[in-house]
Amino acid sequence: MQLRNAFLIFALFTTSTLIAEIRVSARFEPARVAVGSTSQYIVEIVETDDSKKPAAERITSLPIPSEGGLTLRNGRTSNSQSTRITNGVSEYSITQQIIIEAVSQTAGNFTIPAYIFEYKGGRLQAPAATLNVVEGSADAAPTVDELIFLQANAPEQLYVGQTTSILLKLYVSSSVTLRGLNPLERRADGFTVSELPEESAESVEMFKGRRYRVYTWSLMITPISAGPQTLDFQLTVSAQMPDERNTRGSQFGGGLFDNFFGRSERFNLYTPPTQIDVRTLPTEGKPKSFSGAIGNFTMEVTSDSSSTRVEEPIMLSIKLSGSGNFDRIKGPEMPKTKGWRSYKPEFTFEPNDLQSLKGMKRFDYVFIPEKAGSLKLPEVKFSYFDPKTEKYVELSAPTISAEVTPSSRPVMTTAATLTEENSAPAINLSKALSPEELLNTLDYRPRKGRQIEKNLLSSPWFNYLNSAAFVVLTASGILIYRGKRLHQNAEYALAHQAKQALKVTVKEAQSNDAAVFYRSAQDAIRLAASVRVKRNLRSADFAELEVSFKQSQVTNEVIEQVRSLFNEADNHRFSGRIHSADLQQARTQLNTILKAL
Amino acid sequence: MNSFYRTLALYILTAIAAFAATSETETPFQAGVEAYQNAEYEIAEAQFIAALTLNETAAARHNLGLAHFQLNAPAEAVWQLERAQLLEPFNAGYRYKLEAVRQELGLFAGSAKWYTLASAALPTKTWLTLATVSFWLLLAVSILPRLSDTKISIGLKTLRAISTAALIFSIPSLWINLRLLQTGTITTDQVASLHAAPASAAPQSGTARPGERARILDQYNHFYKIETEGQATGWISKDVFRPLAD
């Protein structure tokens, strides 16, 4: 235990030696506030160095011990740096402030005890700081929140897309001197909010018996999401608060010099938390012509002329006056109208107020007649949602008639122009037809057009074509291959010829004439042997055949049958006698031999 | 004998009258043209439909499309004009009128691409025949000389080059033509709903404009699955969509 304490003391000593130029202080500003008023708990780290400019390490959190009843919120950091040169020696310093707002709803003394935090790998100690919170009373000095505060008059309910104006008011007590304003910050995820105008309206108001200068800005908000939406604003101001010690005790009173040389402080002002109930527009009763307009409007439709010529434009103007979200109003859709060609409108807006919530928006449509006659411009319909009555209103204007006379423009011709000086003037012999006229022109000559066949890829015709092509290609391939082999391979050619000859000979062997039969039978055996051994044995006798048979491993039984048949043939040839029964037996014997070969 | 001549004369007169009556009878096409000229568009429509039942011609399709247009049914007119153009792809008048009606409907009216026009140079069947014959010829010219171990002659080389070229031209053209036959148009004059499944109660997945072209991706029962010019995809009832190859 003693060893551990000794080590801790050593470590603390070593650390404090290494960062000897760092000083830490902690305080409340102001140190005394009324209940519910905001004070600032400031931890200040000052780092100095003679050799180089020190680099601050940003602190994002502090291990502040909890103090019951004191609420700490909205922490932020502030950095400043300075260089001092004394007798040619520079001293650099950098100051980092961690500023946290502290507020208590109960009176009493609140002390944040000393605590250790890590900084640049070392350990620093923030000293204790005490805040005195007192009950407010009639003769007590007003708190900061009473002297300067921010308010916004947001409505309780809005519709998605409904643009409305809200007033942001900064109340500054007459005893406070406002030195400067920082940019407005807002927490309004469910809204689009206009920028804070540079100029504000100034007025004087009495509030809770106190006199205030009021700075008023007008902001435009438009909800973009339905449901309860938070709308909070934060404004950071620099102001000089009245100093009781100076003003009350001074014989000369507070005044010019106090204001001039007084110290300004920065205050973060917040509007009270506000929630707006944002509703979606009802779907029931929504007209087809509705395009997002919310407010209250009137419509006026005019045309710049009641007569024109073909292809000469006429303008249809729609004026929408009233109050509402003019920035979201689109020109009403014009239906396609026979005889007219129209283009997208151009619009102008003339606001009647600074917020552009009131005014007149004008849409100009260009219509070009395509044919002559008494034509009607399309009926115009415009609808909007009235948030007061919570109903849709549809405005419509009757159709406007226009008399259209034929065009006076010269018709373009393709006739060749004559260049001779004394030539007769060119006469237009052809007339270009308008699109309307062309659409009235029929085709008088019925011709047989192309066949429109579906499923061509699965049609029988396609299948037959491919099958035939396949058969022809395969047959050609086989024939070519066979011809090549007959030409190049002598054995194959011999066997092929022998097979052909064998077919003829076997047929001849069916004869009942014994002489024909035996001659054909001997030839058939020789040809079959030629096919088997792939050697020409067409003129071989039995001895040669026997040798060949033995070489090609023909069974002895077959060889004996061949021998028998050849002997019978010789007997017949030399004796000339044979029985029909013997011929039948010999035919059977021949078939057996041929099968075996 | 007199009675024979009288009978013969009567027979001849009847035959002449019948011939005259037959020759004076106008075809439904001519009747449609006449009705159209008299602004009797409903009669013209019926006559052109009758003419198409007898024999489908591009002129009858075109005229029926114009009758539909006059009867304020531009979406149906678009289908008829598309079909007429399919029958006669190089009729500039048909193409102009089709684009004019499409423009009336607020649809994009651009000129056809060069490759579409090139693929329409021959009918689909001809392209298919050309592709098939080229393929087999190319195969034969490539395989058979190898089987016979003979040197390829200049004639075979020429044939092989021609077959290759024909195949290169015919396959893309065939693909474009077959793809065109897989298209159709919206025939209702209202904006049509596309559904996420082939059922009217299915959630709406998009919309198709009247007369809009669309490619058929699938079909099931009484629905086609289509992809429109506007890239919307979904199932549409066969009541409001008609394929061009119908």
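Residues numbered from 1 in each chain as written. Chains lettered and ligands numbered in written order. Predicted model: local features only at pLDDT ≥ 70, side-chain atom pairs only at ≥ 80, totals over all residues.

A. How the structure looks around the overall build of chain A. Scanning chain A for helices and strands turns up 11 helices and 31 strands. Counting every position in chain A, which comprises 597 residues, the buried fraction comes to 21%. For chain A, contacts bridging at least 24 residues in sequence account for 69% of all contacts bridging at least 6. (Helix = DSSP H or I, 4+ residues; strand = E, 2+ residues; numbered from the N terminus. Buried ≥ 20, exposed ≤ 12 C-beta atoms within 10 Å, placed from the backbone. Contact = placed C-beta atoms within 7 Å.)

B. Quick peek at the overall build of chain B. Regarding its fold elements, chain B presents nine helices and seven strands. Relative to its full complement of 246 residues, chain B shows a buried share of 33%. A separation of at least 24 residues holds for 53% of the contacts in chain B among residues at least 6 apart in sequence.

C. Structural view of the sheet that holds strand β11 (residues 157-159) of chain A. All names here are of chain A. The three strands are arranged β11-β21-β18 in an open sheet whose pairing can be described as mixed. Lying at the two open borders of the sheet, with one neighbouring strand each, are β11 and β18 (227-230). Here the strands of the sheet are splayed against their neighbours by 35° on average, with no regard to which way each runs. Looking at chain direction, β18 and strand β21 (residues 275-279) are connected through four bridges and run antiparallel. For Gly227, the partnering residue across the bridge sits in β21 and is Val278. (Pairing = 2+ DSSP bridges. Axes fitted to C-alpha atoms, helices over the stretch in contact; angles between N-to-C directions.)

D. Representation of the interface of chain A and chain B. Each partner contributes to the interface: chain A provides 28 residues, whereas chain B provides 34 residues. Looking at the side of chain A that touches chain B, the elements with two or more residues in it are α5 (435-439) and α6 (460-488) of chain A. Residues of the side of chain A that touches chain B, tallied by class, amount to 14 nonpolar, five polar and nine charged. (Nonpolar A, V, L, I, M, F, W, Y, C, P; charged D, E, K, R; others polar.)

E. Region of interest: the pairing of strand β8 (residues 122-126) of chain A. Residue and element names in this part refer to chain A. Pairing of strand β7 (residues 115-119) with β8 involves five bridges; the strand directions are antiparallel. The residue of β8 that forms the bridge with Tyr119 is Gly122. Linking two consecutive strands that pair antiparallel, namely β7 and β8, is a turn of two residues; a positive phi of about 50° is found at Lys120 within it.

F. Expanded view of the nonpolar core. Ranked by internal contacts, the top residues of the largest apolar core, which has 37 residues, are Phe48(B), Ala60(B), Ala77(B), Val78(B), Leu81(B) and Ile236(B). At the level of elements, α2 (28-37), α3 (41-54), α4 (58-70), α5 (74-87), α6 (92-104), β2 (192-195), β5 (223-228) and β6 (233-237) of chain B are the ones that each hand at least two residues to this core. The element best represented in this core is α5(B), accounting for eight residues. Mapping this core onto the domain boundaries places at least three of its residues in each of domain 1 (2-109) and domain 3 (183-243) of chain B. Discounting residues that sit within four places of it in the chain, Ala77(B) has contacts with Gly65(B), Leu66(B), His68(B), Phe69(B) and Val101(B). In terms of nonpolar packing, the next biggest core, distinct from the first, is built from 26 residues, Ile148(A), Phe149(A), Leu170(A) and Tyr215(A) among them. (Core = buried A, V, L, I, M, F, W, Y, C linked by C-beta atoms within 7 Å. Domains from an automatic or database assignment.)

G. Here's a closer look at the sheet that holds strand β31 (residues 401-405) of chain A. All names here are of chain A. Taken in spatial order, the three strands of this open sheet run β23-β31-β28, and their pairing is mixed. The open sheet is flanked by β23 (307-309) and β28 (373-376), the only strands paired with a single partner. Going from strand to strand, the sheet's axes swing by 35° on average, the running direction of each strand aside. Pairing geometry for β23 and β31, over three bridges, is parallel. Opposite Arg309, over in β31, you have Thr405 as the bridge partner.

H. Geometry of unusual backbone geometry. Residues and elements named next belong to chain A. Pro30 follows Glu29 through a cis peptide bond whose omega is -15°. For Pro30, the location among the structural elements is in the loop between β1 (22-29) and β2 (32-34). In the Ramachandran plot, Lys120 falls in the positive-phi region, its phi being about 50° despite a non-glycine side chain. Position of Lys120 relative to the elements: it lies in the loop between β7 and β8. Look at Lys120 and you get partly exposed, because 16 C-beta atoms sit within 10 Å.

I. Up close: helix α9 (residues 154-181) of chain B. All names here are of chain B. Its 28 residues place the ends of α9 40 Å apart at the C-alpha level, agreeing with the 40 Å of an ideal helix rising 1.5 Å per residue. Taken as a whole, α9 has its buried residues at Ser163, Ser170, Ser173, Leu174, Asn177 and Leu180. For α9, the elements touching its buried residues are α7 (114-119), α8 (124-148) and β1 (183-186). (Expected span 1.5 Å × (residues − 1).)

J. Here's a closer look at the packing of α8(B) against α9(B). All names here are of chain B. In contact at an axis separation of 7 Å, α8 and α9 are set at 145° when each is read in the N-to-C sense. In this structure, α8 crosses over α9, and the sense of that crossing is left-handed. A breakdown of the residues in the contact of α8 with α9 according to their chemical character gives 17 nonpolar, seven polar and one charged. (Left-handed = near helix turned anticlockwise from the far one by under 90°.)

K. Region of interest: α5(B). The first and last C-alpha atoms of α5(B) sit 20 Å apart over 14 residues, in line with the 20 Å expected at 1.5 Å per residue. Burial analysis of α5(B) places 14 of its 14 residues in the buried class, which makes it a mostly covered element.

L. Here's a closer look at the pairing of strand β5 (residues 89-104) of chain A. Residues and elements named next belong to chain A. With 12 bridges connecting them, strand β3 (residues 38-49) and β5 associate as antiparallel partners. Bridged to Glu44 within β5 is Gln97. Note: strand β4 (residues 70-86) against β5, 15 bridges, orientation antiparallel. When the bridges of β5 are listed, Thr71 appears paired with Val103. Hairpin connection, β4 to β5: the antiparallel pair is bridged by two residues, and Asn87 has positive phi, about 55°.

M. The arrangement of the packing of α4(B) against α5(B) in detail. Residue and element names in this part refer to chain B. α5 packs onto α4 with a crossing angle of 165° between their chain directions and a minimal axis gap of 8 Å. The pairing of α4 with α5 is recorded here as roughly antiparallel in orientation. Along this stretch, α4 crosses α5, giving a crossing that reads as left-handed. Residues Ala58, Arg61, His62, Leu64, Gly65, Leu66, His68 and Phe69 of α4 touch α5, and the partners they reach there are Pro74, Glu76, Ala77, Gln80, Leu81, Arg83, Ala84 and Leu87. Counted by class, the contact of α4 with α5 contains nine nonpolar, four polar and three charged residues. (Parallel < 35°, antiparallel > 145°, perpendicular 65-115°, else oblique.)

N. Quick peek at the environment of Tyr119(A). Residue and element names in this part refer to chain A. Among the secondary structure elements, Tyr119 is positioned in strand β7. Accessibility expressed as a C-beta count within 10 Å gives 18 for Tyr119, which makes it partly exposed. Put simply, Tyr119 and Ile59 are 60 residues apart on the chain and 7.8 Å apart in space, counted from C-alpha to C-alpha. Other than its neighbours up to four places away in sequence, Tyr119 contacts Ile45, Glu57, Ile59 and Leu124.

O. Molecular detail of the confidence of the model for chain B. Residue and element names in this part refer to chain B. Of the residues in chain B, 90% have a pLDDT of 70 or more, and the chain-wide mean is 87. When the criterion is pLDDT under 50, residues 20-24 qualifies, and its contacts beyond four places in sequence or with other chains add up to zero contacts. Both scores are given for the predicted complex: the pTM is 0.43, the ipTM 0.77. (pLDDT = per-residue confidence, 0-100.)

P. Up close: the environment of Ala161(B). Note on placement: Ala161(B) falls in helix α9. For Ala161(B) and Leu138(B), which are 23 residues apart along the polypeptide, the C-alpha to C-alpha distance reads 8.5 Å.

Q. Up close: the confidence of the model for chain A. Residues and elements named next belong to chain A. Predicted confidence across chain A gives a mean pLDDT of 79, with 86% of residues reaching 70 or more. Residue range residues 244-258 is modelled with pLDDT below 50. Its contacts to residues more than four positions away, or to other chains, number nine contacts. Per-residue pLDDT stays below 50 along residues 409-423; that stretch engages in 14 contacts with residues further than four places along the chain or on separate chains.

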